[in-house]
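# Tertiary structure, described
In case you want the letters, here they are:
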Amino acid sequence: MFEHGVPFRLNGRVRRLVAPNAGVMTGPGTNTYLLGDDEVAVLDPGPALPEHIDAILDTAGDRIRWIVCTHTHPDHSPAWKAVAEATGAQVIGASPPDDMFQDTTFTPTLELQHDYVLSTKEFTLRAVHTPGHVGNHYCFFLEEEGMMFAGDHIMNGSTVVIIPPSGNMKAYIESLQRLLDYPLQFIAPGHGDVMPEPKATVDWLVNHRLMREQKVIDGLRKTGRVPLDELVKVVYDDVDTSLHKMAQLSLSAHLIKLREENRARQHAPDDSWEILDV
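Bear in mind that the values here come from a model prediction, so they are computed numbers and not experimental data.

## Regarding the overall build of the protein
Along its length, the protein carries six helices and 15 strands. Relative to the globule expectation of 19 Å for 278 residues, the C-alpha radius of gyration of the protein, 19 Å, shows essentially globular dimensions. C-alpha atoms of the protein, sized along the principal axes, occupy 60 × 35 × 35 Å. Expressed as a percentage of the 278 residues in the protein, the buried residues total 53%. Pairs at least 24 apart in sequence give 58% of the contacts found in the protein among residues at least 6 apart. Just so you have it, the protein exposes about 12000 Å², and 52% of that area is on carbon and sulfur atoms. Charged side chains of the protein number 24 positive and 39 negative; the gap between the two group centres comes to 5 Å.

## What about the environment of Gly46?
The residue Gly46 is located in the loop between strand 4 (40-43) and helix 1 (50-60) in this model. Through-space distance from the C-alpha of Gly46 to that of His73 is 9.0 Å; in sequence the pair is 27 residues apart. When residues no more than four places from it in sequence are discounted, the contact partners of Gly46 are Thr30, Thr32, His52, Asp75, His76, Ser77, Pro78 and Ala79.

## Examining the layout of surface pockets
Size it by volume and the largest pocket reaches roughly 380 Å³. Considering the residues around the largest pocket, the lining is formed by 16 residues, among which Ser158, Thr159, Val161, Val239 and Leu243 are closest to the centre. If you list the elements that add at least two residues to the lining of the largest pocket, you get helix 4 (198-223) and helix 6 (244-260). A class-by-class count of the residues in the lining of the largest pocket yields 10 nonpolar, four polar and two charged. Its residues assigned to classes, the lining of the second largest pocket comprises eight nonpolar, five polar and two charged.

## A look at the nonpolar core
Ranked by size, the top nonpolar core spans 22 residues in total, and within it Met148, Ile154, Tyr172, Leu176, Leu179 and Val202 carry the most contacts. For this core, the elements supplying multiple residues, two or more each, are strand 10 (138-142), strand 11 (147-151), helix 3 (169-179) and helix 4. Residue contributions to this core peak at five residues, all from helix 3. Look past the residues within four positions of Met148 in its chain and what remains in contact with it is Val128, Cys139, Phe140, Phe141, Leu179, Tyr182, Leu184, Phe186, Ile187 and Ala188.

## Focus: the sheet that holds strand 8 (residues 117-119)
The strand order 8-9-10-11-12 describes an open sheet built from five strands, whose pairing is mixed. Of all strands in the sheet, those bounded by a partner on one side alone are strand 8 and strand 12 (186-189). The mean inter-strand angle of the sheet, taken between neighbouring strand axes irrespective of direction, is 20°. When strand 10 meets strand 11, the two strands line up antiparallel, connected through three bridges. When the bridges of strand 11 are listed, Leu142 appears paired with Met147. Its contacts with the sheet put helix 3 on strand 9 (124-129), strand 10 and strand 11, and the angle it makes with strand 9 is roughly 150°.

## Things to note about the sheet that holds strand 15 (residues 272-275)
Spatially, the three strands line up as an open sheet ordered 13-15-14, and their pairing is antiparallel. Taken across any chain shown, the strands that pair with only one partner, and hence form the sheet edges, are strand 13 (226-227) and strand 14 (264-267). As judged from the four bridges shared by strand 14 and strand 15, these two strands associate in the antiparallel manner. Paired with Ala264 across the strands is Ile275, a residue of strand 15.

## A look at the pattern of salt bridges
Within the structure shown, the criterion is met by 21 salt bridges. The partner of Asp115 in a salt bridge is Arg126, and the shortest N-O contact between them spans 3.0 Å. Of this pair, Asp115 sits in the loop between strand 7 (110-111) and strand 8 while Arg126 sits in strand 9, placing them 11 residues apart in sequence. Through salt bridges with shared partners, a single ionic network connects Arg212, Lys215, Asp237 and Asp238.

## Describing helix 1
If you check which residues of helix 1 are buried, you get His52, Ile53, Ala55, Ile56, Thr59 and Ala60. End-on, the buried residues of helix 1 take up no more than an arc of 155°, which puts them together on one face. Exposed residues on helix 1 whose side chains face more than 90 degrees from its buried face are Pro50 and Asp58. Remark: Gly61 follows helix 1 within two positions and exhibits a positive phi of approximately 50°.

## Topic: the environment of His191
Here His191 shows up in the loop between strand 12 and helix 4. The spacing of His191 and Ala19 is 172 residues in sequence and 9.8 Å in space, taken between C-alpha atoms. Filtering out sequence-adjacent residues up to four positions away, His191 remains in contact with Thr26, Gly29, Thr30, Asn31, Asp75, His76, Asp152, Met155 and Asn156. Among the polar contacts made by the side chain of His191, one reaches the main-chain carbonyl oxygen of Thr26 at a distance of 2.9 Å. A distance of 3.1 Å separates polar atoms of two side chains, one belonging to His191 and the other to His76.

Here is what the cut-offs are and how they apply
- Residues numbered from 1 in each chain as written.
- Predicted model: local features only at pLDDT ≥ 70, side-chain atom pairs only at ≥ 80, totals over all residues.
- Heavy atoms only, no water.
- Helix = DSSP H or I, 4+ residues; strand = E, 2+ residues; numbered from the N terminus.
- Rg over C-alpha atoms; globule rule 2.2 N^0.38 Å.
- Buried < 20%, exposed > 50% of the residue type's maximum accessible area, 1.4 Å probe, protein only.
- Contact = heavy atoms within 4.5 Å.
- Areas by Shrake-Rupley, 256 points an atom, 1.4 Å probe, with all protein chains shown as cover.
- Lys, Arg positive; Asp, Glu negative; His and termini not counted.
- Charge placed at Lys NZ, Arg CZ, Asp CG, Glu CD.
- 1 Å grid on protein atoms, 1.4 Å probe; cavity = no way out; pocket = protein on both sides within 12 Å on 5 of 7 lines; lining within 4 Å.
- Points joined across faces, edges and corners; volume = space filled by probe spheres on them.
- Nonpolar A, V, L, I, M, F, W, Y, C, P; charged D, E, K, R; others polar.
- Core = buried A, V, L, I, M, F, W, Y, C linked by side-chain atoms within 4.5 Å.
- Pairing = 2+ DSSP bridges.
- Axes fitted to C-alpha atoms, helices over the stretch in contact; angles between N-to-C directions.
- Salt bridge = Lys/Arg side-chain N within 4 Å of Asp/Glu carboxyl O.
- Arc of directions from axis to C-beta.
- Polar contact = N/O pair within 3.5 Å; in protein donor to acceptor, adjacent residues only side chain to side chain.

This is the structure we're talking about:
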């Protein structure tokens, strides 16, 4: 099912190609979705790996009309350039924010806005602005199939990292809840298999983030004023220490949310934090 370079048909409108970039943060690899048969949209072209670019072009070739990106992290968008140059496809997405981990080559020919609709004879694809993981993240709702392409807003098998300053925990939780405004049948994540119980998935993710937030609060009450690299050991004691560096990003996002709500205070220059019991 996750054989790299081999298109797998999910339904009458969608095929999936998995990029050969499997890893701790990417699962089996980045999912590239091909929508339509006569005129094709490539959703998340993935990393600029020659074998993956070849697989996209071999599968859809001169029928590719659009390239659509959920966001501009290096495992999701960089192949846009080679595919666009080979096909002349329109590039649809949101320009990268000025922070780390971005594909700075990404240059859309159409700058996305919430509720933009790509309508073809074969499918209707609606953009849903879902900031949180990063500020320029969009999900896309395939109306005919009730399928939400979730990029890195939702992953199958793990939770996503929230990366400040563009990433925002408060926005992430609100964006998760926004998905329930749509008649969802399936979530097609950027990594992993299709998820058939979208409401249960969203509810679990929201509750998980709020439980982690409570653990941040409890951890600060236990430690008192504490630097980030020490607090992560308390809050993420259920996560392998090899992942603590990445976990610090999401921890920062939780703390920023608490600071904005006047429930925590940050101290410079040592980047220590304390809880405010108000």
